[in-house]
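Working through the structure, step by step
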Amino acid sequence: MHLQQDQPDQSTTLLARLEDTACSFCDDGRLVREEYKGNAAVVCTNCGTPAAQIWNEETSPSDATTVAVSPTDR
Ligand SMILES: [Zn+2]
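Right, let's walk through the structure included here. (Residues numbered from 1 in each chain as written. Predicted model: local features only at pLDDT ≥ 70, side-chain atom pairs only at ≥ 80, totals over all residues.)

Here D20, not a glycine, exhibits a phi torsion of approximately 70°, which is positive. Among the secondary structure elements, D20 is positioned in the loop between helix 1 (10-18) and strand 1 (31-36). (Helix = DSSP H or I, 4+ residues; strand = E, 2+ residues; numbered from the N terminus.)

Next comes the structure, spelled out in structure tokens:
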């Protein structure tokens, strides 16, 4: 398996940069790394607003087709 990985994990870098910064939605909040609806995210400790979240892009778009393949083909 050869996956093209010429870039470091940008998603993680984005969250790392936003982590521990001030919330832009309220005055007193600070952003911490958390899971938000199953995605990696930075969420405000004060108002709970996700400043950024990373959707999982590794999910196969055609997994329904894979399920439909019968194991007893012959
Ligand atoms: Zn906030």
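On we go from here.
Our next topic: the nonpolar core. Core analysis: the largest hydrophobic core is formed by seven residues, namely L15, C23, L31, A41, V42, V43 and C44. Looking at which element gives the most residues to this core, the answer is strand 2 (residues 39-44), with four residues. Setting aside chain neighbours within four positions, we find L31 in contact with L18, E19, D20, T21, C23, V42, V43, C44 and A51. (Core = buried A, V, L, I, M, F, W, Y, C linked by C-beta atoms within 7 Å. Buried ≥ 20, exposed ≤ 12 C-beta atoms within 10 Å, placed from the backbone. Contact = placed C-beta atoms within 7 Å.)

On to the pairing of strand 2, then. Note: strand 1 against strand 2, six bridges, orientation antiparallel. From the neighbouring strand, E35 faces strand 2, where its bridge partner is A40. Adjacent in sequence and paired antiparallel, strand 1 and strand 2 are bridged by two residues, among which K37 carries a positive phi angle near 55°. Hairpin connection between strand 2 and strand 3 (residues 50-54): a loop of five residues separates the two successive antiparallel strands, and G48 in this loop has a positive phi of roughly 80°. (Pairing = 2+ DSSP bridges.)

Before going further, it helps to examine the sheet that holds strand 2. Across the sheet, which stays open at both edges, the three strands sit in the order 1-2-3 with antiparallel pairing between neighbours. A strand with exactly one partner marks an edge of an open sheet, and here the two such strands are strand 1 and strand 3. When the angles between neighbouring strand axes are averaged without regard to direction, this sheet yields 25°. Sheet topology note: the strand 2/strand 3 ladder contains four bridges and is antiparallel. The partner of V43 across the bridge, within strand 3, is P50. Against the sheet, helix 1 makes contact with strand 1, strand 2 and strand 3, and its axis sits at roughly 165° relative to strand 3, the strand it touches most. (Axes fitted to C-alpha atoms, helices over the stretch in contact; angles between N-to-C directions.)

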